[in-house]
Amino acid sequence: MLYSFKPCLCAPKLAIVLALLVMILNLFVWQEVQAAVALEEPHFCGPYRSEAETLPNIVPALYDVVSGAPGEERNWQLLHDLFAPTATITPLFHREGRLDISVLTASEFVELNKLLFKDVGFYETETHNQTKQVGHMATVISAYESREAPDKPAYSRGINTFQLVNDGRRWCVISVTWDSDKGGHDIAGSIAEVFGTE
């Protein structure tokens, strides 16, 4: 008995169907991956902190973090979170009539504070404040006094200038620079002029 052979087209059709299914599945998987990445992508300012939700709260929170008794553990994590990950901290030091300028990261600033105030109390309080906000950016000029204890007289005065941005969810500091009357540098007149306290 002779059998006639008819080529079956089932296999090619099945392959095409499977290929289409794989393409569709890959499309859905890729969309899910993109959605997950979008959800996990950090905001510019970093993790959410209630202290940075509104502009008037962030500078007092920073003063509070750096203040404390000798050897007292500060909330350095809060300081890190209030600064943008790429923030710069630029103190100006006056030594023997010369100006020294240092540019620090938040981590370097923390280590410097741990060294300087390991055996000495340090309390910084704001005395005057000017805030200018335009859209998602702001500048805060903040005059301050430094003390070794809350009940002791101020041994230094100065001005902090903060540059801040709002990433749509919260504020963070992208840079801060300060100058003070340490090292015999006269800054009282500048403070009075800026804040109209002459």
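Residues numbered from 1 in each chain as written. Predicted model: local features only at pLDDT ≥ 70, side-chain atom pairs only at ≥ 80, totals over all residues. Heavy atoms only, no water.

## Notes on the overall build of the protein
Move 1: Scanning the protein for helices and strands turns up five helices and six strands.
Move 2: If you list the helices and strands of the protein from N to C, you get α-α-α-β-β-α-β-β-β-β-α.
Move 3: Sorting the 198 residues of the protein into buried and exposed places 34% on the buried side.
Move 4: Taking contacts inside the protein between residues at least 6 apart in sequence as the whole, the part at least 24 apart equals 57%.
Move 5: Counting every atom, the protein has about 12,900 Å² of accessible surface; 61% of that belongs to carbon and sulfur. (Helix = DSSP H or I, 4+ residues; strand = E, 2+ residues; numbered from the N terminus. Buried < 20%, exposed > 50% of the residue type's maximum accessible area, 1.4 Å probe, protein only. Contact = heavy atoms within 4.5 Å. Areas by Shrake-Rupley, 256 points an atom, 1.4 Å probe, with all protein chains shown as cover.)

## What to know about the sheet that holds strand 6 (residues 171-180)
Move 1: Sheet architecture is open: six strands sit in the order 2-1-6-5-4-3, paired in mixed fashion. Every other strand in the sheet has two partners, leaving strand 2 (98-101) and strand 3 (123-134) as the edge strands with one partner each. In this sheet, adjacent strand axes meet at a mean angle of 15 degrees when their direction is disregarded.
Move 2: Bridge analysis of strand 1 (residues 83-95) against strand 6 gives five bridges, and the strand direction is parallel. What sits directly across from threonine 90, in strand 6, is threonine 177.
Move 3: Contacts from helix 5 (residues 188-195) reach strand 3, strand 4 (137-147) and strand 5 (156-166), with the element oriented near 135 degrees to strand 4. (Pairing = 2+ DSSP bridges. Axes fitted to C-alpha atoms, helices over the stretch in contact; angles between N-to-C directions.)

## Some words on the packing of aromatic side chains
Move 1: A full pass over the atoms with the stated rule returns two aromatic pairs.
Move 2: Ring centres 5.9 Å apart and planes at 70 degrees place the aromatic pair phenylalanine 109 and tryptophan 178 in the edge-to-face group. You can see phenylalanine 109 sitting in helix 4 (residues 106-116) and its partner tryptophan 178 sitting in strand 6, a full 69 residues away along the chain. Note on accessibility: phenylalanine 109 and tryptophan 178 belong to one class, buried. (Phe/Tyr/Trp six-rings, centres within 6.5 Å; stacked < 30°, edge-to-face > 60°.)

## A word on a nonpolar patch on the surface
Move 1: Taken together, the side chains of Leu99, Ile101 and Val103 present a nonpolar region at the surface, about 300 Å² in accessible area.
Move 2: The exposure class of isoleucine 101 is exposed, given its relative accessible area of 55%. (Patch = residues over 30% accessible without salt bridge, like charges linked within 9 Å, V, L, I, M, F, W, Y side chains within 5 Å. Salt bridge = Lys/Arg side-chain N within 4 Å of Asp/Glu carboxyl O.)

## Considerations on the state of the cysteines
Move 1: Counted under the stated rule, the structure contains one disulfide.
Move 2: For cysteine 45, the disulfide goes to cysteine 172, at an S-S distance of 2.2 Å. On the S-S bond that ties cysteine 45 to cysteine 172, the torsion sits near -65 degrees, and the link is left-handed. Taken together, the residues span a long stretch of sequence, with cysteine 45 in the loop between helix 1 (10-40) and helix 2 (55-66) and cysteine 172 in strand 6 at a distance of 127 residues. (Disulfide = S-S within 2.5 Å.)

## A word on the nonpolar core
Move 1: Membership of the largest hydrophobic core comes to 35 residues, with the highest contact counts inside it found for Ile58, Leu79, Phe83, Ile89, Phe162, Leu164 and Val173.
Move 2: With eight residues, helix 2 is the single largest residue contributor to this core.
Move 3: Discounting residues that sit within four places of it in the chain, leucine 164 has contacts with Leu55, Ile58, His136, Met137, Ala138, Val140, Trp171, Cys172, Val173 and Ile174.
Move 4: Residues Ala143, Ile159, Ile191 and Phe195 belong to the second largest nonpolar core, which totals five residues. (Core = buried A, V, L, I, M, F, W, Y, C linked by side-chain atoms within 4.5 Å.)

Interpretation note: all reported values are geometric properties and have no functional meaning in isolation.
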